Amino acid sequence: MKPGETKEIYIYNTLSGEKEKFEPLNPPFVGMYVCGPTVYNDVHLGNCRTFISFDVVFRYLQHIGYKVRYVRNITDAGHLENDADEGEDKIAKKARLEQLEPMEVVQRYTVGFHRIMERFNVLPPSIEPTATGHIVEQIQMIKKILDEGLAYEVNGSIYFDVKKYMEKEPYGELSGRNVDELIAGSRELEGQSEKRNPLDFALWKKASPTHIMRWESPWGEGFPGWHLECSVMSTKYLGEVFDIHGGGMDLKFPHHECEIAQCTAAHHKKPVRYWMHANMLTLNGKRMSKSTGNTLLPQEIFSGQNPFLSKPYSPAVVRFFMLQAHYRSTLDISDEALAAAEKGFRRLMDAVALLPELKAAEKSTFDVRAAVQKVYDALNDDFNTPIAIAELFEIVRIINLMNTGQESLTASDLLYLSERVKALVHDVLGLEDDTRATTDTSKLDAVIQILIEMRQKARADRNFALSDQIRDQLLKAGIQLKDTKEGTTYTLL
RNA sequence: GGUUCUGUGGCCGAGGGGCUAGGCAGAGGUCUGCAAAACCUCCUACACCGGUUCGAAUCCGGUCGGAACCUCCA
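What you see is a predicted model, and the numbers here were worked out from it, not measured in a lab.

Calculation notes
Residues numbered from 1 in each chain as written. Chains lettered and ligands numbered in written order. Predicted model: local features only at pLDDT ≥ 70, side-chain atom pairs only at ≥ 80, totals over all residues. Heavy atoms only, no water. Axes fitted to C-alpha atoms, helices over the stretch in contact; angles between N-to-C directions. Helix = DSSP H or I, 4+ residues; strand = E, 2+ residues; numbered from the N terminus. Parallel < 35°, antiparallel > 145°, perpendicular 65-115°, else oblique. Contact = heavy atoms within 4.5 Å. UniProt positions renumbered as here; feature names shortened; annotations may be inferred. Left-handed = near helix turned anticlockwise from the far one by under 90°. Nonpolar A, V, L, I, M, F, W, Y, C, P; charged D, E, K, R; others polar. Buried < 20%, exposed > 50% of the residue type's maximum accessible area, 1.4 Å probe, protein only. Pairing = 2+ DSSP bridges. Right-handed = clockwise from strand over helix to strand, strands pointing away. Near = heavy atom within 4 Å. Polar contact = N/O pair within 3.5 Å; in protein donor to acceptor, adjacent residues only side chain to side chain. 1 Å grid on protein atoms, 1.4 Å probe; cavity = no way out; pocket = protein on both sides within 12 Å on 5 of 7 lines; lining within 4 Å. Points joined across faces, edges and corners; volume = space filled by probe spheres on them. Domains from an automatic or database assignment.

## Some details on the packing of helix H4 (residues 135-147) against helix H7 (residues 228-238)
Item 1. Close contact between H4 and H7 brings their axes to 9 Å; oriented N to C, the two are set at 100°. Of the possible angle classes, the one that applies to H4 and H7 is roughly perpendicular. On the side of H4, the interface is formed by Glu137, Gln138, Met141 and Ile142, while H7 contributes Leu228, Glu229, Ser231, Val232 and Lys236.

Structure representation (structure tokens):
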């Protein structure tokens, strides 16, 4: 990569509430951790948006020359049913309901998750660790926090002592919470809780006799708490301090706040330099919720099998649609919005496909470098994909004008434009045209050429009934003819 | 109820004190035998009510929607 186009990157850091210049701890290396899915259910479309957003971050950082280690975990244990930490392990519950082994549930939904990610063209992370694979490390971290005197044991469970922690460190910085207000706002748990303080959270939970997922620990059989795995796995693979931590907005509090507390308690260092949070996805202006039926699964979009959709939309179209909004804004998905995105996506893809067809000229009639630079400027500004795409559409217009001979480029400018546009569209935005037939079309091509020639002859003979019949019937078969000055071309719809 | 964010043209969305993206849809035009595609032109908006300012969609306050989290509940 020759990042001549790139200057500095600015990232909105949730911690400061401002865009900050990105300076990795150990350039050219970048450590990035993103909270992955809990695999007790199908991936939620909102999760997909988060992972697509961070996929672009991952891709762009690599594109401009960083060596990124991207860690995204799989939560396959430990998430409890409610924040009172009194609930049943979600995975264990699902297993009981479906009469499956917990790991069977985990396996099923992990595979499903990977399949969906692949369809969205989300790159696999560098490391995808699981919570159950790091029980030993989690126990070690709990010991450390106990040694620091910042956790306490009650009946075989360990809780983090937020009040004690706050004597030395702030808690609530990331989410902007005022702890006194939180305490005032939280209801006493009527003596049900083992916690000394409602804000305390579990590091380790004693397993009830019926609890299936359980591990040996110094405090008896149990399972790790809600927030611990991310602290443990980010530390193990990225170090005690690393560059970027991402996740959905909904994880800001308490999950990420707890992560900071755990790491700081154990290592005396703030773990993360840049916190990034992706915003939520709404459906038809309302939050998605199973209970109200306002939901949409990825596979339902791909198949069109959902009452909110008039037709199926390809994964690339959905990805493109999501990238047309900034990751920090809420995004509303609807059939109408997807249909509009699909048209725009095709326009972009058609222009990219046109690039190899363009002919170089004596001189350039516009500034390619400036046009490309604008795309980079947008991405450098907190990964602003909607502006990047808007600038790409300016380039699309120019490509189309070149195609009709109204603009021209020298061979070197054309090569530059071609390389950059392809890199930005395919490598950075991760957009591949999956809306057209991609199988081998060489034979089909020959057949269509015959039909095009026959139609040309009919047109020359002014037999328009025949020429239109050929065109219209091809269109019905999903083949669209386009008459240009240079001759007739076609696209497979 | 509390904390935080948010409300942009027919739709989706950037931007964020004066220069006012982009996509889709719509209208007109060029091209075409007619279409399609492409290109050109047009439609020029910032929830509401006050305030600050020479000037506000952009800042401040209030009202009303929406969202996230806390709480509650499953």
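## Structural notes on the UniProt feature "short sequence motif: 'HIGH' region" (unreviewed entry) in chain A
Item 1. As recorded in UniProt, the sites labelled "short sequence motif: 'HIGH' region" (unreviewed entry) are residues 37-47.
Item 2. In this annotation, residues 37-47 is assigned 27% helix and 0% strand; the end-to-end C-alpha distance for the span is 7 Å.

## With respect to the packing of helix H13 (residues 385-403) against helix H14 (residues 411-428)
Item 1. In the contact formed by H13 and H14, the axes pass within 12 Å of each other and the chain directions differ by 140°. Between H13 and H14, the angle is such that the two are oblique. Considering the relative orientation of H13 and H14, their crossing is left-handed. Where H13 approaches H14, its residues Leu392, Ile395, Ile399 and Met402 are matched on the opposing element by Leu414, Leu417, Val421 and Val425.
Item 2. Here the residues of the contact of H13 with H14 sort into 8 nonpolar, no polar and no charged.

## Regarding the pairing of strand S9 (residues 242-248)
Item 1. In terms of burial, S9 is a largely internal element, 7 of the 7 residues being buried.
Item 2. As paired elements, strand S3 (residues 29-34) and S9 share 3 bridges and run parallel to each other. Considered in S9, the bridge of tyrosine 33 is made with histidine 245.
Item 3. In this fold, the crossover linking S9 to strand S10 (residues 272-278) by way of helix H8 (residues 252-267) has right-handed handedness.

## Notes on the environment of aspartate 42
Item 1. Tracing the sequence through the fold places aspartate 42 in the loop between S3 and helix H1 (45-63).
Item 2. C-alpha separation for the pair aspartate 42 and glycine 220, spaced 178 residues apart in sequence, amounts to 33 Å.

## Here we look at the protein's contact with RNA strand B
Item 1. Residues in close proximity to RNA strand B total 49 residues, the closest being His326, Asp332, Ile387, Arg397 and Arg471.
Item 2. Here RNA strand B approaches the protein such that, of its atoms within 4 Å, sugar and phosphate make up 73%.
Item 3. Here arginine 287 contributes a side-chain N or O atom positioned 2.9 Å from a phosphate oxygen of RNA strand B.
Item 4. Note that a sugar or linking oxygen of RNA strand B is positioned 2.9 Å from one of the side-chain N or O atoms of glutamine 480.
Item 5. Here the surface near RNA strand B is built from residues that sort into 17 nonpolar, 12 polar and 20 charged.

## What about empty space enclosed by the protein?
Where empty space is left in the structure can be found by rolling a water-sized probe over the atoms.
Item 1. Counted under the stated rule, the structure contains 3 cavities of 30 Å³ or more.
Item 2. Estimates place the volume of the largest cavity at around 80 Å³.
Item 3. Along its surface, the largest cavity is lined by Arg49, Ile52, Ser53, Val56, Val57, Met322, Leu323, Ala325, His326, Tyr327, Phe383 and Thr385.
Item 4. Elements that contribute at least two residues to the lining of the largest cavity include exactly H1 and helix H10 (315-323).
Item 5. The dominant element in the lining of the largest cavity, judged by the number of residues it contributes, is H1, at 5 residues.
Item 6. When the residues that make up the lining of the largest cavity are grouped by side-chain class, the tally is 8 nonpolar, 3 polar and 1 charged.
Item 7. Here the lining of the largest cavity spans two domains, since at least three of its residues come from each of domain 1 (10-278) and domain 2 (301-428).

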